[in-house]
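Residue-level structure breakdown
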Amino acid sequence: MSALSWARRIGGGPLLRACVLVLALFVLVSLLAPWLAPQDPTFGDLGNTLVGPGAGHWLGTDKGGHDTFSALIEGTRTSLVGPLAVVLFSTLLGIAVGLFSAWRGGWIDTVLGRVLDILFAFPALLLAILAVALFGKGLTAPVLAMAVAYTPYTARLVRGLAAQEKVRPYIAAYQVQGHSSVFVALRRLLPTIMPTVLAQSTVNFGYALLDLAALSFLGLGVQPPTPDWGAMINQGQAAVLEGQPLSAIVPAVAVVLVVVAFNVVGEHLGDRLAGRES
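Note that the structure is predicted; figures quoted are calculated from it, not measured.

1. Thoughts on the nonpolar core
Grouped together as the largest cluster of nonpolar side chains are 25 residues, with contacts concentrated most on Leu72, Leu209, Trp229, Val258 and Val265. When residues of this core are traced back to their parent elements, those giving at least two are helix H2 (14-36), helix H3 (68-104), helix H8 (181-217), helix H9 (229-235) and helix H11 (246-277). Here this core takes nine residues from H11, the largest share from any one element. Discounting residues that sit within four places of it in the chain, Leu72 has contacts with Leu59, Trp229, Met232, Val250, Pro251 and Ala254. Ala124, Ala128, Ala145 and Ala149 belong to the second largest nonpolar core, which has 17 residues in total.

Put into C-alpha coordinates, the structure is as follows:
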(Lines give C-alpha, C1' and ligand atoms only; values in the text may rest on other atoms or scores of the structure.)
Protein backbone atom coordinates (compact mmCIF):
# COMPACT_ATOMS: atom_id res chain seq x y z
CA MET A 1 0.00 0.00 0.00
CA SER A 2 1.42 3.40 -0.99
CA ALA A 3 1.79 6.26 1.49
CA LEU A 4 -0.92 8.27 -0.27
CA SER A 5 -3.32 5.31 -0.26
CA TRP A 6 -2.68 4.81 3.45
CA ALA A 7 -3.40 8.50 4.12
CA ARG A 8 -6.68 8.27 2.22
CA ARG A 9 -7.64 5.14 4.12
CA ILE A 10 -7.18 6.72 7.56
CA GLY A 11 -8.99 9.86 6.44
CA GLY A 12 -7.90 13.45 6.82
CA GLY A 13 -7.40 16.31 4.43
CA PRO A 14 -4.58 17.54 2.22
CA LEU A 15 -2.39 18.46 5.21
CA LEU A 16 -2.39 14.89 6.51
CA ARG A 17 -1.65 13.48 3.08
CA ALA A 18 1.20 15.93 2.61
CA CYS A 19 2.64 14.94 5.99
CA VAL A 20 2.42 11.23 5.16
CA LEU A 21 4.20 11.84 1.85
CA VAL A 22 6.90 13.89 3.61
CA LEU A 23 7.54 11.07 6.09
CA ALA A 24 7.55 8.46 3.34
CA LEU A 25 10.04 10.55 1.37
CA PHE A 26 12.45 10.92 4.29
CA VAL A 27 12.22 7.23 5.17
CA LEU A 28 12.95 6.32 1.55
CA VAL A 29 15.90 8.72 1.46
CA SER A 30 17.29 7.22 4.68
CA LEU A 31 17.11 3.72 3.19
CA LEU A 32 18.73 4.72 -0.11
CA ALA A 33 21.17 7.30 1.31
CA PRO A 34 24.40 5.53 0.23
CA TRP A 35 23.19 5.48 -3.37
CA LEU A 36 21.56 8.92 -3.43
CA ALA A 37 24.41 10.99 -1.97
CA PRO A 38 26.46 12.32 -4.92
CA GLN A 39 29.61 12.74 -2.79
CA ASP A 40 31.18 11.38 0.38
CA PRO A 41 29.71 13.61 3.13
CA THR A 42 32.58 12.79 5.49
CA PHE A 43 35.23 14.10 3.06
CA GLY A 44 36.10 17.73 3.63
CA ASP A 45 37.68 19.62 0.76
CA LEU A 46 39.45 22.52 2.44
CA GLY A 47 39.92 24.15 -0.96
CA ASN A 48 36.13 24.49 -1.31
CA THR A 49 34.93 25.77 2.05
CA LEU A 50 31.75 27.85 2.30
CA VAL A 51 31.10 27.54 -1.44
CA GLY A 52 27.68 28.62 -2.70
CA PRO A 53 25.25 26.38 -4.58
CA GLY A 54 26.48 25.23 -7.96
CA ALA A 55 26.85 22.30 -10.32
CA GLY A 56 29.44 20.54 -8.13
CA HIS A 57 27.67 21.29 -4.85
CA TRP A 58 23.89 21.69 -5.22
CA LEU A 59 23.48 23.22 -1.75
CA GLY A 60 27.01 24.51 -1.32
CA THR A 61 29.55 23.43 1.32
CA ASP A 62 30.11 24.10 5.02
CA LYS A 63 33.17 25.50 6.77
CA GLY A 64 34.87 22.09 6.57
CA GLY A 65 34.32 21.74 2.84
CA HIS A 66 31.67 19.01 3.20
CA ASP A 67 28.99 18.83 0.54
CA THR A 68 25.77 20.02 2.21
CA PHE A 69 23.42 18.04 -0.05
CA SER A 70 25.27 14.76 0.55
CA ALA A 71 25.45 15.44 4.29
CA LEU A 72 21.72 16.17 4.36
CA ILE A 73 20.94 12.85 2.69
CA GLU A 74 23.29 10.79 4.87
CA GLY A 75 22.17 12.73 7.93
CA THR A 76 18.63 11.52 7.35
CA ARG A 77 19.68 8.06 8.45
CA THR A 78 21.33 9.05 11.72
CA SER A 79 18.63 11.64 12.46
CA LEU A 80 15.85 9.05 12.17
CA VAL A 81 17.56 6.01 13.71
CA GLY A 82 18.12 7.72 17.07
CA PRO A 83 14.47 8.74 17.62
CA LEU A 84 13.33 5.34 16.37
CA ALA A 85 15.43 3.64 19.05
CA VAL A 86 14.12 6.04 21.72
CA VAL A 87 10.49 5.40 20.76
CA LEU A 88 10.98 1.65 20.43
CA PHE A 89 12.62 1.21 23.83
CA SER A 90 10.33 3.65 25.65
CA THR A 91 7.19 2.13 24.13
CA LEU A 92 8.15 -1.43 25.04
CA LEU A 93 9.17 -0.42 28.56
CA GLY A 94 6.12 1.81 28.98
CA ILE A 95 3.77 -0.98 27.88
CA ALA A 96 5.38 -3.41 30.33
CA VAL A 97 5.26 -0.99 33.27
CA GLY A 98 1.79 0.40 32.53
CA LEU A 99 0.18 -2.96 31.88
CA PHE A 100 1.73 -4.56 34.96
CA SER A 101 0.75 -1.60 37.14
CA ALA A 102 -2.87 -1.53 35.98
CA TRP A 103 -3.32 -5.29 36.07
CA ARG A 104 -1.91 -5.85 39.56
CA GLY A 105 -3.29 -2.65 41.12
CA GLY A 106 -3.00 -2.03 44.86
CA TRP A 107 0.33 -0.95 46.37
CA ILE A 108 2.22 -1.98 43.23
CA ASP A 109 0.18 0.45 41.16
CA THR A 110 0.74 3.16 43.78
CA VAL A 111 4.53 2.69 43.90
CA LEU A 112 4.93 2.55 40.13
CA GLY A 113 2.73 5.62 39.79
CA ARG A 114 5.03 7.57 42.14
CA VAL A 115 8.11 6.42 40.19
CA LEU A 116 6.53 7.65 36.97
CA ASP A 117 5.74 10.99 38.62
CA ILE A 118 9.41 11.37 39.58
CA LEU A 119 10.56 10.60 36.04
CA PHE A 120 8.14 13.20 34.71
CA ALA A 121 10.04 15.84 36.70
CA PHE A 122 13.20 15.32 34.58
CA PRO A 123 13.16 16.68 31.01
CA ALA A 124 14.44 14.23 28.42
CA LEU A 125 17.13 16.61 27.20
CA LEU A 126 18.45 17.08 30.75
CA LEU A 127 18.74 13.33 31.29
CA ALA A 128 20.51 13.02 27.93
CA ILE A 129 23.04 15.69 28.93
CA LEU A 130 23.64 13.91 32.25
CA ALA A 131 24.18 10.64 30.37
CA VAL A 132 26.74 12.34 28.11
CA ALA A 133 28.53 13.74 31.17
CA LEU A 134 28.75 10.24 32.67
CA PHE A 135 29.40 8.08 29.61
CA GLY A 136 30.78 10.45 27.01
CA LYS A 137 29.55 11.97 23.77
CA GLY A 138 27.81 9.94 21.08
CA LEU A 139 24.38 8.51 20.37
CA THR A 140 24.09 5.43 22.59
CA ALA A 141 24.02 7.05 26.04
CA PRO A 142 21.58 9.87 25.09
CA VAL A 143 19.25 7.40 23.38
CA LEU A 144 19.08 5.17 26.46
CA ALA A 145 18.61 8.15 28.78
CA MET A 146 15.87 9.64 26.61
CA ALA A 147 14.16 6.25 26.34
CA VAL A 148 13.86 6.26 30.13
CA ALA A 149 12.60 9.85 30.07
CA TYR A 150 9.93 9.07 27.46
CA THR A 151 8.76 5.88 29.18
CA PRO A 152 6.32 7.64 31.60
CA TYR A 153 4.32 9.08 28.69
CA THR A 154 3.57 5.62 27.33
CA ALA A 155 3.33 3.97 30.74
CA ARG A 156 0.70 6.42 32.02
CA LEU A 157 -1.33 6.05 28.85
CA VAL A 158 -1.21 2.24 28.99
CA ARG A 159 -1.96 2.26 32.72
CA GLY A 160 -5.09 4.36 32.24
CA LEU A 161 -6.37 2.45 29.23
CA ALA A 162 -5.66 -0.96 30.79
CA ALA A 163 -7.41 0.03 34.02
CA GLN A 164 -10.53 0.86 32.02
CA GLU A 165 -10.40 -2.29 29.90
CA LYS A 166 -9.72 -4.85 32.65
CA VAL A 167 -13.15 -4.25 34.26
CA ARG A 168 -15.04 -4.91 31.02
CA PRO A 169 -17.13 -8.09 30.71
CA TYR A 170 -15.02 -9.69 27.97
CA ILE A 171 -11.97 -9.72 30.28
CA ALA A 172 -13.97 -11.44 33.02
CA ALA A 173 -15.28 -13.92 30.46
CA TYR A 174 -11.75 -14.97 29.48
CA GLN A 175 -10.79 -15.36 33.13
CA VAL A 176 -13.86 -17.51 33.84
CA GLN A 177 -12.82 -19.74 30.92
CA GLY A 178 -9.61 -20.48 32.77
CA HIS A 179 -7.17 -18.37 30.76
CA SER A 180 -4.14 -17.14 32.69
CA SER A 181 -3.74 -13.49 33.61
CA VAL A 182 -0.68 -13.20 31.34
CA PHE A 183 -2.63 -14.58 28.38
CA VAL A 184 -5.59 -12.27 28.94
CA ALA A 185 -3.41 -9.21 29.46
CA LEU A 186 -1.08 -9.76 26.50
CA ARG A 187 -3.29 -11.52 23.97
CA ARG A 188 -6.66 -9.89 24.61
CA LEU A 189 -6.30 -6.60 26.50
CA LEU A 190 -3.10 -5.28 24.92
CA PRO A 191 -4.28 -5.53 21.27
CA THR A 192 -7.33 -3.46 22.22
CA ILE A 193 -5.32 -0.50 23.49
CA MET A 194 -2.37 -0.83 21.08
CA PRO A 195 -3.70 1.53 18.36
CA THR A 196 -3.89 4.40 20.86
CA VAL A 197 -0.40 3.60 22.11
CA LEU A 198 0.95 3.69 18.55
CA ALA A 199 -0.64 7.10 18.03
CA GLN A 200 1.16 8.40 21.13
CA SER A 201 4.42 6.84 19.96
CA THR A 202 4.10 8.64 16.64
CA VAL A 203 3.95 11.99 18.44
CA ASN A 204 6.83 10.95 20.71
CA PHE A 205 8.99 10.25 17.65
CA GLY A 206 8.83 13.88 16.56
CA TYR A 207 9.76 15.18 20.02
CA ALA A 208 12.60 12.65 20.34
CA LEU A 209 13.99 13.76 16.99
CA LEU A 210 13.88 17.38 18.12
CA ASP A 211 15.64 16.58 21.42
CA LEU A 212 18.39 14.56 19.73
CA ALA A 213 18.91 17.26 17.12
CA ALA A 214 19.26 19.82 19.92
CA LEU A 215 21.80 17.59 21.63
CA SER A 216 23.85 17.27 18.44
CA PHE A 217 23.59 21.02 17.93
CA LEU A 218 25.20 21.46 21.35
CA GLY A 219 28.01 19.14 20.27
CA LEU A 220 27.03 16.37 22.69
CA GLY A 221 25.30 13.94 20.33
CA VAL A 222 26.46 12.54 17.00
CA GLN A 223 30.06 13.59 16.45
CA PRO A 224 31.65 14.79 13.19
CA PRO A 225 32.39 13.64 10.57
CA THR A 226 29.21 11.51 10.89
CA PRO A 227 26.44 13.57 9.25
CA ASP A 228 23.56 14.60 11.49
CA TRP A 229 21.00 17.38 11.06
CA GLY A 230 21.61 18.91 14.48
CA ALA A 231 25.38 18.91 14.00
CA MET A 232 24.92 20.37 10.51
CA ILE A 233 22.98 23.31 11.94
CA ASN A 234 25.79 23.94 14.41
CA GLN A 235 28.48 23.75 11.74
CA GLY A 236 26.42 25.93 9.41
CA GLN A 237 26.53 28.93 11.74
CA ALA A 238 29.86 30.01 10.25
CA ALA A 239 28.38 29.78 6.76
CA VAL A 240 25.49 32.04 7.79
CA LEU A 241 27.97 34.74 8.81
CA GLU A 242 29.73 34.34 5.45
CA GLY A 243 26.49 34.83 3.51
CA GLN A 244 25.98 31.11 2.70
CA PRO A 245 23.09 30.14 5.01
CA LEU A 246 21.90 27.01 3.18
CA SER A 247 24.16 24.64 5.14
CA ALA A 248 22.28 25.68 8.30
CA ILE A 249 18.82 26.45 6.92
CA VAL A 250 18.34 23.21 4.95
CA PRO A 251 18.88 20.77 7.89
CA ALA A 252 16.80 23.05 10.13
CA VAL A 253 13.93 22.92 7.64
CA ALA A 254 14.29 19.12 7.46
CA VAL A 255 13.98 18.87 11.27
CA VAL A 256 10.90 21.11 11.30
CA LEU A 257 9.22 19.22 8.44
CA VAL A 258 9.70 15.80 10.03
CA VAL A 259 8.66 16.93 13.52
CA VAL A 260 5.53 18.68 12.24
CA ALA A 261 4.65 15.73 10.01
CA PHE A 262 4.92 13.23 12.87
CA ASN A 263 2.85 15.48 15.14
CA VAL A 264 0.11 15.93 12.54
CA VAL A 265 -0.09 12.19 11.80
CA GLY A 266 0.01 11.26 15.50
CA GLU A 267 -2.63 13.83 16.48
CA HIS A 268 -4.89 12.69 13.64
CA LEU A 269 -4.60 9.05 14.68
CA GLY A 270 -5.33 9.99 18.29
CA ASP A 271 -8.35 12.10 17.36
CA ARG A 272 -9.74 9.41 15.08
CA LEU A 273 -9.35 6.71 17.74
CA ALA A 274 -10.98 8.99 20.32
CA GLY A 275 -13.88 9.64 17.97
CA ARG A 276 -14.27 5.95 17.27
CA GLU A 277 -14.36 5.10 20.99
CA SER A 278 -16.85 7.88 21.89
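2. Regarding the packing of aromatic side chains
What characterises a pair of aromatic rings is the spacing of the ring centres plus the angle enclosed by the ring planes. What the rule picks out here adds up to five aromatic pairs. Plain terms: the ring middles of Tyr170 and Tyr174 are 6.5 Å apart, the flat faces sit at 90 degrees to each other, and that makes the pair edge-to-face. Taken as a pair, Tyr170 and Tyr174 lie in helix H7 (residues 169-176) at a separation of four residues, close to a single helical turn. Classification of Tyr170 by relative accessible area gives partly exposed; the value is 28%. The partly exposed category is assigned to Tyr174, whose relative accessible area is 24%. An aromatic cluster is defined as three or more aromatic residues linked by ring pairs; in this entry it consists of Phe120, Tyr150 and Tyr153.

3. Re the pattern of salt bridges
Per the stated rule, a full pass over the model turns up four salt bridges. Between Arg159 and Asp109 there is a salt bridge, and its shortest N-O distance comes to 2.5 Å. With Arg159 in helix H6 (residues 140-165) and Asp109 in helix H4 (residues 106-120), the pair connects residues that are 50 residues apart, well separated along the chain. Residue class for Arg159 comes out partly exposed when judged on its relative accessible area of 26%. Given a relative accessible area of 18%, Asp109 falls into the buried group. Note that Asp117 is salt-bridged to Arg156, the shortest N-O span being 2.1 Å. Of the two residues, Asp117 sits in helix H4 while Arg156 sits in helix H6, which places them 39 residues apart along the sequence. Of the residues examined, Asp117 reaches a relative accessible area of 32% and is grouped as partly exposed. One salt-bridge network, held together by shared partners, links Arg114, Asp117 and Arg156.

Rules and cut-offs
- Residues numbered from 1 in each chain as written.
- Predicted model: local features only at pLDDT ≥ 70, side-chain atom pairs only at ≥ 80, totals over all residues.
- Heavy atoms only, no water.
- Core = buried A, V, L, I, M, F, W, Y, C linked by side-chain atoms within 4.5 Å.
- Buried < 20%, exposed > 50% of the residue type's maximum accessible area, 1.4 Å probe, protein only.
- Helix = DSSP H or I, 4+ residues; strand = E, 2+ residues; numbered from the N terminus.
- Contact = heavy atoms within 4.5 Å.
- Phe/Tyr/Trp six-rings, centres within 6.5 Å; stacked < 30°, edge-to-face > 60°.
- Salt bridge = Lys/Arg side-chain N within 4 Å of Asp/Glu carboxyl O.

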